[in-house]
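Results of the structural survey
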Amino acid sequence: MTSSIVDTNAPVSAQALPFERLLKMLYEMHLIRAFEEAAEQQYFAGKVHGTMHLYIGEEATAVGCIAALEPGDQITSTHRGHGHAIAKGQDVREMMAELLAKRTGVCRGLGGSMHMADVELGNLGANGIVAGGMGSAVGAALSAHLLKTGRMVMCFFGDGAVSNGNFHETLNLASIWKLPVVFVCENNQYAMSMPAREAIPVRVADRAAAYAMPGVQVDGMDVLAVYQAAKAAVDRARAGQGPSLVEVLTYRYKGHSRSDKQVYRSKEEVKAWQARDAIIRFEAHLIQQGVLTRAQADDIRNRAIRDIEEAVAFADASPEPDPAELLNEVYYEEPANRTDPAMRGIMLRTSAPINARPLPTWFTRTFAQHAGSEPPPGERELTGSEALREAMAQAMEAAPNVILIGEDIGKYGGAFGVTLGLYDRFGPERVRDTPISENAIAGVSFGAGMTGLVPIAEFQFQDFVTLAMEQIVLQAAKVRYMFGGRTICQMVVRLPAGSGTGAAAQHSESLESWFVNVPGLKVVAPSTPYDMKGLLLAAISDQNPIIFVEHKLLYRVKGPVPELPYVVPIGKAAVRRAGRHVTIVGASIAMPRALEAAAQLAGEGIECEVIDLRTLKPYDLHTIMQSVKKTGRLLIAHEAPLIGGYGAEIAAAIAQSEAFAYLEAPIVRLGGADVPIPYNRTLERAATPQTEDIAEAARRLARLQI
């Protein structure tokens with residue numbers, strides 16, 4: 001499909017639009033220009049911390065495209081996003097305050113120039129990552145489709161993005177699902193310094209054909225032509241005909257950023273584009289058509305300048321953020337928890353008991369009379385995979401906005417059969433098979449989780465999450481904080497992890513320690529079927545992005561699991577075995593091994609207290625401290641590599657706590673070797689702590705032989 005949406009050679013007349021809309025478009029173009037010129041002045045005055053990317057010259061793109069939207073529609077933006085924000089209706093006073101890093105900024109001074117957002121207004125955020133907002137745009141479009149809101153999404157990106165994997169993955173996914181999204185490429189001729197003509201061998205619009213969607217190239221210095229092309233694409237998307245690609249040929253008069261010396265282009269080239277300035281052309285056209293007079297045009301420009309002067313004054317007079325509030329918006333916290341000292345801000349570790357914390361609001365609202373926390377396990381037994389499947393099925397049965405997304409999770413049932421039967425029960429709309437596109441899976445889940453859906457994303461192996469780190473780490477984990485706490489991201493990323501299956505180096509990693517180090521993510525690692533169900537329901541209920549680690553060897557392990565929905569609180573450890581000589585701490589596959597080791601050592605007169613962390617972030621420091629005070633010895637075991645492992649965090653926390661005074665021996669850590677997981681069975685076992693390794697370390701620790 002190579003046909004254009006609109007014949008861009010056809011003349012576009014102002015007479016085709018209402019008078020009020022034309023005046024609004026002209027005012028917005030002037031407002032963007034005045035804002036950017038004032039922003040540059042603030043930068044040179046030393047009031048802007050960091051850099052900025054100015055939109056001067058590209059005003060017709062934002063105004064023309066967004067004029068084609070309805071107020072309830074949504075956009076995603078770019079690092080050069082001031083124009084999109086203004087055209088979407090954001091308050092220029094709050095935007096200027098954000099540039100000056102003030103508390104009254106649209107993101108409370110936490111985002112800055114590259115992260116202008118107002119989710120309630122429909123701006124899902126500007127983005128400092130090239131092509132970074134494309135996944136969230138498709139996720140928002142998926143929400144619009146499944147929730148039947150009638151909204152559509154417009155995704156802005158630069159010419160540099162079309163060489164990025166996100167471009168290809170998201171266009172492909174949007175096309176096969178026929179989602180209501182319009183992709184707008186602002187081809188301003190340069191990515192940073194590389195000319196588009198050297199980076200892209202075809203017209204950007206021609207790439208639409210590869211994804212069976214219409215593509216059009218339009219003159220970005222003609223706001224009415226831009227509007228006409230965008231309107232055709234928007235109407236097509238709203239009618240259920242799927243996505244389109246609009247390439248807008250425009251130009252940035254300024255450098256890539258304020259540090260850009262522009263040595264890669266000539267002054268003559270810049271002047272040639274300025275001679276076609278979109279604002280001047282639009283004014284002239286409106287005057288020629290008799291829509292307004294020269295004096296009226298001057299009044300519109302002067303009003304925009306005055307509004308920006310007022311915005312600067314507002315920003316100057318605004319207060320700085322309070323350092324005491326530094327941690328406040330990293331995670332969404334239930335209202336009842338906001339005054340709990342152990343929950344304040346980040347919840348990396350909890351040094352106070354958490355038994356009294358309330359159930360998640362989403363869980364109680366969804367399951368009503370069945371809501372419960374850690375009920376008796378009962379007699380019924382399930383395998384780990386059956387417990388996970390039951391948790392997802394109960395959530396999907398109770399809440400129509402819960403969806404599954406991933407590779408081969410439908411009829412195939414997932415790489416490990418965890419989703420077997422859910423496709424037949426809930427259908428392809430809610431159990432969504434995807435192409436092999438890990439970053440798109442994460443990005444779509446991120447966008448969907450911001451806009452009303454509760455996505456559960458399955459990756460075939462934890463190793464494959466490395467292909468999606470950008471959308472998880474740079475987007476989902478940071479969005480709440482960098483948007484000033486004005487949004488949430490409710491999503492669960494399920495990761496089959498660990499060694500022991502003979503799958504060798506690229507299918508056997510334990511990468512959970514990486515995610516423990518990422519502010520904004522919570523990390524869950526259950527060890528029993530009971531916890532797999534209860535923690536997965538807790539993760540689905542939590543309005544933060546959750547990394548849910550499932551060790552592959554635990555899928556077939558059986559254990560008691562209650563039938564009704566329940567939660568295991570995130571951040572609460574479990575004492576699996578009481579003891580008085582050595583404390584053994586771990587999670588996931590380390591637990592059955594630690595319990596087996598403890599049973600062996602009991603026959604030798606060594607009583608080990610075994611603590612299952614269950615969640616790695618937040619983790620229950622209080623329970624560990626109480627145990628260490630009793631035993632005086634601490635052993636931490638995990639399959640993740642020892643170097644940089646989360647065991648080091650626990651060891652350091654104990655060393656800095658009051659429990660340190662009770663230690664009678666050095667803290668001992670066991671972890672994976674600094675080696676990719678080998679294929680050979682004997683070497684594979686040797687690469688990670690086994691039962692015998694834990695038993696021997698605990699034995700030596702108890703006897704003070706370490």
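Residues numbered from 1 in each chain as written. Predicted model: local features only at pLDDT ≥ 70, side-chain atom pairs only at ≥ 80, totals over all residues. Heavy atoms only, no water.

As for the overall build of the protein
In terms of regular secondary structure, the protein is built from 24 helices and 19 strands. For a compact globule of 706 residues, the expected C-alpha radius of gyration is about 27 Å, and the protein comes in at 28 Å, within 12% of that figure. Projected onto its principal axes, the C-alpha coordinates of the protein cover approximately 95 × 55 × 50 Å. The buried share of the protein, reckoned over its 706 residues, is 61%. Once local pairs closer than 6 in sequence are excluded, the contacts in the protein between residues at least 24 apart make up 79%. If you sum the accessible surface of the protein, you get close to 26,400 Å²; carbon and sulfur atoms cover 53% of it. (Helix = DSSP H or I, 4+ residues; strand = E, 2+ residues; numbered from the N terminus. Rg over C-alpha atoms; globule rule 2.2 N^0.38 Å. Buried < 20%, exposed > 50% of the residue type's maximum accessible area, 1.4 Å probe, protein only. Contact = heavy atoms within 4.5 Å. Areas by Shrake-Rupley, 256 points an atom, 1.4 Å probe, with all protein chains shown as cover.)

Structural notes on the domain arrangement of the protein
Partitioning the protein into structural domains gives domain 1 (19–256 + 267–316), domain 2 (340–560) and domain 3 (574–702). Facing the 37 residues of domain 2 at the interface are 31 residues of domain 3. Of the roughly 2,800 Å² buried at the junction of domain 2 and domain 3 (both faces included), carbon and sulfur atoms supply 55%. Here domain 2 is connected to domain 3 by 3 salt bridges. Asp531 is the partner of Arg576 in a salt bridge, and the nearest nitrogen-oxygen pair spans 2.4 Å. At the junction of domain 2 with domain 3, the criterion picks out 19 residue pairs in polar contact (both at pLDDT 80 or more). Elements represented by at least two residues in the side of domain 2 that touches domain 3 include exactly helix H18 (512–516), strand S11 (522–524) and helix H19 (529–541). Class assignment of the residues belonging to the side of domain 2 that touches domain 3 gives a composition of 18 nonpolar, 14 polar and 5 charged. (Domains from an automatic or database assignment. Buried area = accessible area lost by both parts, 1.4 Å probe. Salt bridge = Lys/Arg side-chain N within 4 Å of Asp/Glu carboxyl O. Polar contact = N/O pair within 3.5 Å; in protein donor to acceptor, adjacent residues only side chain to side chain. Nonpolar A, V, L, I, M, F, W, Y, C, P; charged D, E, K, R; others polar.)

Observations regarding the pattern of salt bridges
By the definition in use, this model includes 41 salt bridges. Two residues, Lys630 and Glu609, come together in a salt bridge whose shortest N-O distance is 2.6 Å. Taken together, the residues span a long stretch of sequence, with Lys630 in helix H21 (residues 621–631) and Glu609 in strand S16 (residues 608–612) at a distance of 21 residues. Taking relative accessible area as the criterion, Lys630 reaches 47% and is therefore assigned partly exposed. The class for Glu609 is buried, based on a relative accessible area of 5%. Residues joined in a network through salt bridges with shared partners are Glu374, Asp531, Lys572, Arg576, Asp612 and Arg614.

Considering the packing of aromatic side chains
Here the structure, examined in full by the defined rule, presents 11 aromatic pairs. With 6.5 Å between their ring centres and 70° between their planes, Tyr190 and Tyr251 make a pair best called edge-to-face. Of the two residues, Tyr190 is situated in the loop between strand S3 (181–187) and helix H7 (196–199) and Tyr251 in the loop between strand S5 (244–249) and helix H9 (267–274); the sequence distance between them amounts to 61 residues. We note that Tyr190, like Tyr251, is buried. When the ring of Phe363 is compared with that of Phe367, the centres are 4.9 Å apart and the planes differ by 45°; the resulting orientation is tilted. Note that Phe363 and Phe367 are positioned in helix H12 (residues 361–367) at a spacing of 4 residues, about one turn of the helix. (Phe/Tyr/Trp six-rings, centres within 6.5 Å; stacked < 30°, edge-to-face > 60°.)

A few points about the pairing of S3
Taken across its 7 residues, S3 has 7 buried, putting it largely inside the fold. Here S3 shows no split at all, with Val181, Phe183, Cys185 and Asn187 on one side and Val182, Val184 and Glu186 on the other all buried. Across 6 bridges, the pairing between strand S2 (residues 153–158) and S3 is parallel. Bridge pairing in S3 places Phe157 opposite Cys185. (Pairing = 2+ DSSP bridges.)

Here's the deal with the nonpolar core
By size, the foremost hydrophobic cluster in this structure holds 156 residues, and its most contacted members are Met96, Met154, Phe157, Phe183 and Ile472. What Phe157 contacts, discounting residues up to four positions off in sequence, is Thr78, Met134, Val162, Phe167, Phe183, Val184, Cys185, Glu186 and Leu245. Membership of the second largest hydrophobic core comes to 42 residues, among which are Phe363, Tyr530, Phe548 and Ile570. (Core = buried A, V, L, I, M, F, W, Y, C linked by side-chain atoms within 4.5 Å.)

As for the environment of Ala415
Tracing the backbone through its elements, the reader meets Ala415 in the loop between strand S7 (402–406) and helix H14 (422–426). Counting along the chain gives 44 residues from Ala415 to Phe459, while the straight-line C-alpha distance between them is 8.7 Å. Among residues more than four places away in sequence, those in contact with Ala415 are Glu458 and Gln460.

Thoughts on the packing of helix H20 (residues 590–602) against helix H24 (residues 691–702)
One way to put it is that H20 packs onto H24 with a least axis distance of 8 Å and a crossing angle of 50°. Regarding the angle of H20 to H24, the classification is oblique. Judged by the twist between their axes, the crossing of H20 over H24 is right-handed. For the pair H20 and H24, contact is made by Ala590, Arg593, Ala594, Glu596, Ala597, Gln600 and Leu601 and by Thr691, Ile694, Ala695, Ala698 and Arg699, respectively. Tallied by class, residues from the contact of H20 with H24 come to 7 nonpolar, 2 polar and 3 charged. (Axes fitted to C-alpha atoms, helices over the stretch in contact; angles between N-to-C directions. Parallel < 35°, antiparallel > 145°, perpendicular 65-115°, else oblique. Left-handed = near helix turned anticlockwise from the far one by under 90°.)

Concerning helix H4 (residues 92–99)
Buried residues dominate H4, accounting for 6 of its 8 residues. Residues Val92, Met95, Met96, Ala97, Glu98 and Leu99 constitute the buried set of H4. Its buried side turned inward, H4 meets helix H1 (19–44), helix H3 (82–87) and helix H11 (294–317). Measuring from the backbone nitrogen of Arg93 back to the side-chain oxygen at the start of H4 gives 2.8 Å, which picks out Asp91 as the cap. Two residues or fewer past H4, Ala101 is found with a positive phi of approximately 60°.

Observations concerning the side chain of Glu36
Of note, Glu36 is situated in helix H1. For the buried Glu36, no salt bridge is present, and the opposite-charge side chain at shortest range is Arg80, 7.0 Å distant. Here Tyr55 takes part through its backbone nitrogen, which lies 2.6 Å from a polar atom of the side chain of Glu36. If we ignore the near neighbours within four places in the chain, the residues touching Glu36 are His53, Leu54, Tyr55, Ile56 and His82. (Lys, Arg positive; Asp, Glu negative; His and termini not counted.)

What to know about the side chain of Lys617
By secondary structure assignment, the location of Lys617 is in strand S17 (residues 615–617). Although Lys617 is buried, it makes no salt bridge; Glu649 carries the closest opposite charge, 9.9 Å away. Among the polar contacts made by the side chain of Lys617, one reaches the side chain of Tyr331 at a distance of 3.2 Å. Among the polar contacts made by the side chain of Lys617, one reaches the main-chain carbonyl oxygen of Val518 at a distance of 2.6 Å.

Quick word on the confidence of the model for the protein
Summarising the model, the protein shows a mean pLDDT of 93, and 95% of its residues fall at 70 or more. Contacts for the low-pLDDT stretch residues 1–9, under 50 throughout, to residues beyond four places or in other chains number 25 contacts. (pLDDT = per-residue confidence, 0-100.)

What to know about the sheet that holds S16
In any sheet, the strands associate via hydrogen bonds between backbone groups, in a parallel or an antiparallel arrangement. Across the sheet, which stays open at both edges, the 5 strands sit in the order S14-S16-S15-S18-S19 with mixed pairing between neighbours. Unpaired on one side and paired on the other, strand S14 (574–577) and strand S19 (668–672) mark the two borders of the sheet. If you compare each strand with its neighbour and ignore which way they point, the axes differ by 25° on average. Relative to S19, strand S18 (residues 634–641) runs parallel, the two being bridged by 4 bridges. Counted as the bridge partner of Leu635 is Val668 from S19. Where helix H22 (residues 646–655) meets the sheet, its contacts fall on strand S15 (582–586), S18 and S19, and the angle it forms with S18 comes to roughly 155°.

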